[in-house]
Amino acid sequence: MNTTDLIALSPLLIVGLSAVAILLLISLRRNHRAVATLALGGLALAMASIPQAAAVAPHHIAPLMMADGYALFYSALLLAASFVVGLLSFDYLEQRGEQREEYYVLLLLATLGGLVLVGANHFVSLFLGLEILSVAIYVMVAYARSSPLAAETGIKYLILAGTSSAFMVFGMALVYAQTGTLEFGPMAAQLMQMEDFGLALPGMAMMLVGVGFKLAVVPFHMWTPEVYQGAPVPVTAFVATVSKGAMFALLLRFFAAFEADEAQPIMNILGLLAIASMLAGNLLALLEDNVKRLLAYSSIAHLGYVLVAFLAESSFGDEAVTFYLVAYFISTLAAFGVISVLSDGKSEADRMEDFRGLYWRRPMLATLMTAALLSLAGIPLTTGFVAKFAVVAAGVKAALWVPVFALALGSAIGLYYYLRLVVVMLSPVNPTDDSNSEATATDDAMSTRAPNPAILRPKKVPIGPAFALSILAIFLLGLGVLPTPLMDFIKSSVSELR
Amino acid sequence: MLNYLALLPTLPLVGFLILTAFGKSLSKRSVVAIGVGSMALAAMLTIGIAIHFLSAPPPGHVFEQHLWTWFQVGDLAPGFSLYLDALSLAMILVITLVGFLIHLYSAEFMRDDDAYARFFAYMNLFVSLMLILVLADNLLLLYLGWEGVGMCSFLLIGFWYKKPENSKAAQKAFIVTRVGDTAMAIGLFLLITQLGTLDIQELGVRASEKWPVGSGMAVAAAALLLGGAVGKSAQLPLQTWLPDAMAGPSPVSALIHAATMVTAGVYLIARTHALFALAPVVLTAVMLIGLLTQLTAGISAVHQRDIKRILAYSTISQLGYMFFALGVSSNGAAINHLMTHACFKATWFLAAGAVIIAVNHEHDIFKMGGLGKKLPVLFWTMFFAGCGPFFSKDGILAEVWFSDTGGPFLWLLGLFGVFVTSIYLFRLLFTVFLGPLKNDVHWKPGLAITIPLVILATGSVVGAIVEYPRLLGYHPYATGTEAAHASPYLHAAIGKIAVGVALAGIYVAYRLFVRHKHYEAGEVVVPHITLRMRRLFAAGWYFDRAYHAAFVVPFQATSRFLRSELIDRGYDAVVALVQTGHRQIRRSQTGRLRWYAAGIAVGAVFCLGAVLL
């Protein structure tokens, strides 16, 4: 390993070292603030090292990793998302009396797993990254031990993720048996010379199970609402963004190595999964009364949307995928950030009722939440609109009429539940005031509980989340109005992919 | 000085912006300083511009100021360009000078209103848009002002919006004028497609090159523009909104619904006269509309009891005279009447507003009486102001006599209108101010009310003598009536007959309402007219009732029908379908781990099956 390798790997190294440093610090002295500062500092430093790494890109590190513009762009995205999650986590954990420090070790390790995934160029690094990410998330999901849901959620996620990982490894083995290589590039080259894929095809199909589980597309999606609901809000935000984004980056890199029509059977499967996800995700979210579950269902649909651009199998499609993921990260983090800020030490503000009349109590937070929801719905002037536009354009260019139609249909259904939440935020605080409103219809016993008192008693937004939310708000609207600079940057970053 | 022309619409606009942004936090004194101050500056600027324009006329007596190009689509590039000639000079003088006096009056009149800042904000915005309307050098910019003043009219009629009937009146005004505005918009599209420009001067040139006199296109274009003018100026058959528009505060009635906005239709026809000249049929229609409006509204005015409704019908009738003049191509006479009428009607509306306050918000003139001793200023200003317009009207009548399309018969009908005018005006004046005292008067108008009244009344009287358009270099007696120039004495004599008839009308009014005291009973208005006819006249010839039956009822029925049936059913089905889909698919989220694992297994089987089979 030479200096260039080290420079190219510096984001990973810094994140890994920070995790170790935190472990050491905890063993010396427990101090939440110091640990959080160290973790955030590590993430920031890793981000700062990306320009240095970009100077030596594209660079192969052994056969395992690839440090190119694409990997570094996604690394920056994951690091930024982790940083936001870290900011949200500090104040979230501060209100809870449990062991708080180890959380940051897990956060950093999970981020590290994500960084490995986006740089992976080899089945070994793929699986390594996937497992580092997954194992850390198992614990993070169940981190709020006192919560009755935590253990259940953790076990569910552990078993299902383990199952899907097993499928993945088995699939890799089959592909290896056919091609004799674990490295993406040579593997694709070899497969393209063959008459047919042979064992590699069922191998890839089985790998899709693992990928599909991480992305939570139908029918591997059923864990999402439970995990989203049971995990602490910052962890939910992490699972929704970093975990899925890293996996998608990998998927894109893996299939970019193939010629467009070579892997057609796999693409057909993914197309069906995308259509099913867009429809099922939006339908599931329609009348959901728990906001975290609602966002879980909506994320199923969103991953379906991204898959449409992915299926286009063109540079334009890659750009659309990347832009969509950025927009999805921003909007999702903003939405979960608002939920996190509204939550208190006892319970989380995840029920529709907690949002009733939010405009009159917390106008800024309600406005940001509205912007995030509108962005998720793809309304103009938000970054979500530009992203959805790019995805549809990519789909239309590739003549993917059925998926694009499903996308339009899904978006139309989706608008209902996003706007429903907006309406609830605008309604008067006392639910008896407008009993005839559609939005007050409750078919969930949970929503009959009294509103969370902490939500009725506004507290000041702490500086960390306030900073994170302001940045997100700026990007949310800024990229909606002026997407070109980011679009150009993405274009130059993903150009090396194909 | 002329280069400051662009400042003219800007000043009230700035006032509007300040009042809108900070109105709630400003004291009433500051609101007056901004709202009335901006108008005072605009009025002074207008006087400066007028002096410059008259003392050192720009070449061709036209001053153009191109500010910027609004947008460009193909060859069509309407600009934010201002066009000042004698006609628009006359209009801006009326708008800013009368406007300023009305603003000054409002400072006192509206003092007890909570929404003081909102009132002046709307008023300033109105003046700004009205100035844009009359200064625009192209029809699109004119249309901007045209729609803008319509919006301000809507906002100000419904100014006291908490009373539902005021909001209804505002909506009625907006919707009825919309009918005309739509016609006008279609007219603009026609002009764009046919002539490729909206520049007013250019339009005249191209139209006369391309269209022969009386050609179908010219008639259509002129008729569509006439539609807009008829709506805005409350002429038959779109006159029904104006009496209800009296729901707004009296200064609003004076400014918008007497002096300025309602004259926009007159201005439009005068401005685009080149187009109308190509369509003699439409000009005849203008004349007949004017004549009929003037007669019907005048007769209705005689049968009203509400002081402001009398003035509203009177305004419709006077606008009818202006159309009458436009119809015989005598734009000068129309503008002359427009200017004196602005002073006269503003005075009367402002004085009526003061009377209404003085008698504790009573509107029925038959519940008033003998106020002349208590409120002499109001009586005398109204009296003198009321004399002015008879002289500008005699000009119109003389033009009708000599014009090709007019003639003695129409002149006679016009003359009858003069007679009716003097009856209803002096019926009002005598009933309210003469006779025994009927009301307690605890309120006297202050200086801010008295000064505008005196100035406006003076303006009306002076206008009768000097003929303002003549001063501005806009010859009052027009185009095409060579006979008038051949025999100026006959012209003058024919006109002066009208003054005689007006005096006769005053005498009749005096006999009926002072000597015979018919007003005492209230019911007896003009003898020898049956009750049924009287009801017809008082209800404005049942236009409202007819429109209600012809348009409102079927429209509401249709909307009720559509609301409950048909189209909604389709959407309901979509909603039901989606909700059913949600309920069905939701059952898959059981919360059971084995079920979820089975889901993964099914997915794996599906993936494998898809590639293997």
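Before reading on, note that the structure itself is shown above.
Residues numbered from 1 in each chain as written. Chains lettered and ligands numbered in written order. Predicted model: local features only at pLDDT ≥ 70, side-chain atom pairs only at ≥ 80, totals over all residues. Heavy atoms only, no water.

Asks: Just to check I follow, could you spell out the overall build of chain A for this structure?
Replies: Broken down by element type, chain A carries 20 helices and two strands. For chain A, buried positions account for 64% of its 498 residues. The long-range share in chain A, meaning contacts at least 24 apart out of those at least 6 apart in sequence, stands at 80%. Accessible surface for chain A amounts to roughly 17100 Å². Of this, 70% is attributable to carbon and sulfur atoms. (Helix = DSSP H or I, 4+ residues; strand = E, 2+ residues; numbered from the N terminus. Buried < 20%, exposed > 50% of the residue type's maximum accessible area, 1.4 Å probe, protein only. Contact = heavy atoms within 4.5 Å. Areas by Shrake-Rupley, 256 points an atom, 1.4 Å probe, with all protein chains shown as cover.)

Asks: In this structure, what is going on with the packing of helix α1 (residues 3–28) of chain A against helix α4 (residues 102–119) of chain A? I would like to understand it.
Replies: Working note: a packed helix pair is described by the angle between its axes plus the distance between those axes. Residues and elements named next belong to chain A. α4 packs onto α1 with a crossing angle of 165° between their chain directions and a minimal axis gap of 9 Å. For the element pair α1 / α4, the angle class is roughly antiparallel. The handedness of the crossing between α1 and α4 is left-handed. Of the residues in α4, those in contact with P11, L12, V15, G16, S18, A19, I22, L23 and I26 of α1 are E102, Y104, V105, L108, L109, T111, L112, L115 and V116. Among the residues forming the contact of α1 with α4, the class breakdown is 14 nonpolar, three polar and one charged. (Axes fitted to C-alpha atoms, helices over the stretch in contact; angles between N-to-C directions. Parallel < 35°, antiparallel > 145°, perpendicular 65-115°, else oblique. Left-handed = near helix turned anticlockwise from the far one by under 90°. Nonpolar A, V, L, I, M, F, W, Y, C, P; charged D, E, K, R; others polar.)

Asks: Is there a simple way to explain the interface of chain B and chain A in this structure?
Replies: Accessible area lost when the parts come together is the quantity often used to give the size of an interface. The partner chain A presents 34 residues to the 24 residues of chain B that form the contact. Carbon and sulfur atoms make up 79% of the surface buried where chain B meets chain A, a total of about 2500 Å² over both sides. It is H582, Q589 and I600 of chain B in chain B that bury the most area against chain A; as a group they hold 24% of the surface buried on that side. Linking chain B with chain A are one salt bridge. R586 of chain B is the salt-bridge partner of E288 of chain A, the closest N and O atoms lying 3.7 Å from each other. On inspection of chain B and its partner chain A, the count reaches five residue pairs in polar contact (both at pLDDT 80 or more). At the level of secondary structure, the elements contributing two or more residues to the side of chain B that touches chain A comprise α25 (567–586) and α26 (593–612) of chain B. Among the elements that make up the side of chain B that touches chain A, the one with the highest residue count is α26 of chain B (14 residues). Its residues placed into classes, the side of chain B that touches chain A shows 14 nonpolar, eight polar and two charged. (Buried area = accessible area lost by both parts, 1.4 Å probe. Salt bridge = Lys/Arg side-chain N within 4 Å of Asp/Glu carboxyl O. Polar contact = N/O pair within 3.5 Å; in protein donor to acceptor, adjacent residues only side chain to side chain.)

Asks: Please explain the pattern of salt bridges as it appears in this structure.
Replies: If charged atoms from side chains of opposite charge come close, those side chains can pair. Residue and element names in this part refer to chain A. The tally for this structure, following the rule as stated, stands at 21 salt bridges over all chains. Note that R293 and E288 form a salt bridge whose closest N and O atoms lie 3.7 Å from each other. As far as burial versus exposure is concerned, R293 and E288 are alike and both buried. One salt bridge in this structure joins D354 and R351, with 2.7 Å as the shortest N-O distance.

Asks: What should I look at first to understand the layout of surface pockets in this one?
Replies: Once rolled over the atoms, a probe with the size of a water molecule shows which space is left empty. All names here are of chain B. By volume, the largest pocket is sized at about 910 Å³. Taken together, 34 residues line the largest pocket, and the ones lying closest to its centre are D113, W160, A247, P249 and H361. Elements with a minimum of two residues in the lining of the largest pocket: α3 (86–109), α6 (164–195), α9 (241–244), α14 (307–327) and α15 (331–358). Residues belonging to the lining of the largest pocket are distributed by class as follows: 15 nonpolar, six polar and 13 charged. (1 Å grid on protein atoms, 1.4 Å probe; cavity = no way out; pocket = protein on both sides within 12 Å on 5 of 7 lines; lining within 4 Å. Points joined across faces, edges and corners; volume = space filled by probe spheres on them.)

Asks: Explain empty space enclosed by the protein to me, please; I cannot follow it from the model alone.
Replies: Residues and elements named next belong to chain B. Tallying each qualifying case throughout the model produces 12 cavities of 30 Å³ or more. The volume enclosed by the largest cavity comes to roughly 110 Å³. What lines the largest cavity is a set of 14 residues, and nearest its centre among them are Q239, T240, Y313, G540 and F543. Those elements that place two or more of their residues in the lining of the largest cavity are α13 (280–302), α14 and α24 (543–564). The element contributing the most residues to the lining of the largest cavity is α13, with three residues. A breakdown of the residues in the lining of the largest cavity according to their chemical character gives eight nonpolar, five polar and one charged.

Asks: Any chance you could explain the nonpolar core here in plain terms?
Replies: In globular proteins that are soluble, nonpolar side chains generally tend to be buried together. Residues L84, L142 and L191 of chain B are the most contacted members of the largest nonpolar core, which totals 199 residues. Counting residues in hydrophobic clusters, the runner-up holds 195 residues, among them M187, A312, A366 and A394 of chain A. (Core = buried A, V, L, I, M, F, W, Y, C linked by side-chain atoms within 4.5 Å.)

Asks: Explain the packing of aromatic side chains to me, please; I cannot follow it from the model alone.
Replies: The way to describe two aromatic rings as a pair is by their centre distance and the angle between their planes. Across all of its chains, the model carries 45 aromatic pairs over all chains by this definition. Measuring from ring centre to ring centre gives 5.8 Å for F73 of chain A and F489 of chain A, while their planes differ by 50°; the resulting arrangement is tilted. You can see F73 of chain A sitting in helix α3 (residues 69–94) and its partner F489 of chain A sitting in helix α20 (residues 484–494), a full 416 residues away along the chain. An angle of 50° between the planes, with centres 5.6 Å apart, marks the rings of F426 of chain B and F430 of chain B as tilted. Of the two residues, F426 of chain B and F430 of chain B are both situated in helix α18 (residues 408–433); the distance of four residues between them amounts to about one turn of the helix. Under the relative-accessibility criterion, F430 of chain B is labelled buried at 7%. Grouped by ring-pair contacts, the aromatic residues F379, W380, F383, F384, F426, F430, F433 and Y510 of chain B constitute a single cluster. Lying over the aromatic face of Y116 of chain B, K28 of chain B brings its terminal NZ or CZ to 5.1 Å of the ring centre. Of note, R118 of chain B hangs over the ring of F159 of chain B, and the distance from its end group to the ring centre comes to 4.3 Å. (Phe/Tyr/Trp six-rings, centres within 6.5 Å; stacked < 30°, edge-to-face > 60°. Lys NZ or Arg CZ within 6 Å of the ring centre and 35° of its normal.)

Asks: What exactly am I supposed to notice about helix α19 (residues 447–466) of chain B here?
Replies: Residues spaced three or four apart along an α-helix point in a common direction, a consequence of the helix completing one turn every 3.6 residues. Residues and elements named next belong to chain B. With 20 residues, α19 extends 28 Å between its outermost C-alpha atoms, agreeing within 8% with the 28 Å of an ideal straight helix rising 1.5 Å per residue. Every buried residue of α19 is accounted for by A448, I449, T450, P452, L453, L456, A457, G459, S460, G463 and A464. In this structure, the buried residues of α19 make contact with α3, α15, α17 (376–402) and α20 (468–471). Positive backbone phi, at 60°, marks E467, one or two positions downstream of α19. (Expected span 1.5 Å × (residues − 1).)

Asks: Quick question: what am I supposed to make of the pairing of strand β2 (residues 79–84) of chain B here?
Replies: Consecutive side chains along a regular strand alternate between the two faces of the sheet. All names here are of chain B. Most of β2 is tucked away, with six of its six residues classed as buried. Every second residue of β2 is oriented toward a common face, with G79, S81 and Y83 on one face and F80, L82 and L84 on the other, all of them buried. Relative to β2, strand β1 (residues 63–69) runs antiparallel, the two being bridged by six bridges. In the strand pairing of β2, W68 is matched with F80. (Pairing = 2+ DSSP bridges.)

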